[in-house]
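Breakdown of the fold
Single-letter residue listing:
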Amino acid sequence: MDRRKSILEAAERSFSMFGYKASTVDQIAKIANVGKGTIYTFFANKEELFSEIITNLVKETKIAASKAIKEDRPFYENLHYALYEVIEFRKTHQLAVKLSQEVKEMNTSPVTDALQRIEKAVLSFVQRELDKAIEKGEIKDCPTDIVAFMMVKLYLALIFDWERDNPAIQKEKMLEVLEMFVMDGLRREI
């Protein structure tokens, strides 16, 4: 087996179980069943190892969003399903969940930075989709960076904040809300 890959998998397991702050290179070496020195042949330190894992998590997040896009659906439905998948991925991916908990409880700087990297990737994805929709004439011209930010924050609020005190909103209901509050304002006049 590829030792580098084994180390990355062990590190992801450690970060998922114990968080970034509580994970150590010794612990990761033990999980990977390698010597601590072997880790240092591939990674300079825990931070570099964590950075690569976050890079992979960003890729997985983009894949989740891209898989939700279907050419035969209207733009707003595609964007809805892509955002919904990204947020569901974030809610269910063990590492993402643990990192979110760590930020809330300890505000660990590298973890905060990592979650911001993921959010920037999602914002960039949404902005590109908005730009494509403008080019195709599906929506009117708008400041796509601001609209992307608003849409992502709307979804995060409806899923994480709303669900603290209310029953979960079904996917179809969220689509209805997206269409009513966001897409009707973006819809191109015919």
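The preceding data block contains the structure.
The structure reproduced in this document is the subject of the present report. Because the structure is predicted, anything quoted here is derived from the model rather than measured.

We now examine helix H6 (residues 94–106). Owing to its 3.6 residues per turn, the α-helix brings residues three or four apart onto one side. The terminal C-alpha atoms of H6 lie 18 Å apart, and with 13 residues this matches the ideal 18 Å at 1.5 Å per residue to within 8%. What H6 keeps buried is the set Leu 95, Ala 96, Leu 99, Ser 100 and Glu 102. Down the axis of H6, the buried side of the element spans an arc of 160°, and every buried residue falls inside it. The outward face of H6, more than 90 degrees from its buried face, is lined by the exposed residues Gln 94, Lys 104 and Glu 105. Close packing links the buried residues of H6 with helix H1 (3–22), helix H4 (46–67), helix H5 (75–92) and helix H7 (109–136).

With that out of the way, let us pick up the nonpolar core. Of all hydrophobic cores here, the largest spans 33 residues; its most connected members are Leu 83, Val 126, Leu 130 and Met 151. Sorting the residues of this core by element identifies H5, H7, helix H8 (144–165) and helix H9 (171–186) as the ones contributing at least two each. Per-element tally for this core: the top contributor is H5, with nine residues. Not counting residues up to four positions away in its chain, the partners in contact with Val 126 are Leu 79, Leu 83, Ala 148, Met 151 and Val 152. Formed by 28 residues, the second largest nonpolar core is a distinct cluster that contains Leu 8, Val 34, Ile 39 and Leu 115.

Moving on, we come to H8. Its 22 residues place the ends of H8 31 Å apart at the C-alpha level, agreeing with the 32 Å of an ideal helix rising 1.5 Å per residue. Along H8, the sharpest kink reaches roughly 30°, centred on Ala 157. Residues of H8 that are buried: Thr 144, Val 147, Ala 148, Met 151, Val 152, Tyr 155, Leu 156, Leu 158 and Ile 159.

Right, let's get into the pattern of salt bridges. What the rule picks out here adds up to nine salt bridges. Across the pair Lys 91 and Glu 163 runs a salt bridge, and its minimum N-O distance is 3.1 Å. Residue Lys 91 is found in helix H5, and its partner Glu 163 is found in helix H8; the two are separated by 72 residues along the sequence. Residue class for Glu 163 comes out partly exposed when judged on its relative accessible area of 27%. Between Lys 173 and Glu 176 there is a salt bridge, with its nearest N and O atoms 3.2 Å apart. Pair noted here: Lys 173 and Glu 176 are both in helix H9, with a separation of three residues, about one helical turn.

This part covers the packing of H4 against H5. Contact geometry for H4 and H5: axes closest at 8 Å, N-to-C directions at 140°. For the pair H4 and H5, the crossing hand works out as right-handed. Along its contact with H4, which presents Leu 57, Glu 60, Thr 61, Ala 64 and Ala 65, the element H5 presents Ala 82, Glu 85, Val 86 and Phe 89. Counted by class, the contact of H4 with H5 contains six nonpolar, one polar and two charged residues.

Criteria and cut-off values
Residues numbered from 1 in each chain as written. Predicted model: local features only at pLDDT ≥ 70, side-chain atom pairs only at ≥ 80, totals over all residues. Heavy atoms only, no water. Helix = DSSP H or I, 4+ residues; strand = E, 2+ residues; numbered from the N terminus. Expected span 1.5 Å × (residues − 1). Buried < 20%, exposed > 50% of the residue type's maximum accessible area, 1.4 Å probe, protein only. Arc of directions from axis to C-beta. Contact = heavy atoms within 4.5 Å. Core = buried A, V, L, I, M, F, W, Y, C linked by side-chain atoms within 4.5 Å. Bend = angle between axes of the 7 residues up to and from the residue. Salt bridge = Lys/Arg side-chain N within 4 Å of Asp/Glu carboxyl O. Axes fitted to C-alpha atoms, helices over the stretch in contact; angles between N-to-C directions. Left-handed = near helix turned anticlockwise from the far one by under 90°. Nonpolar A, V, L, I, M, F, W, Y, C, P; charged D, E, K, R; others polar.

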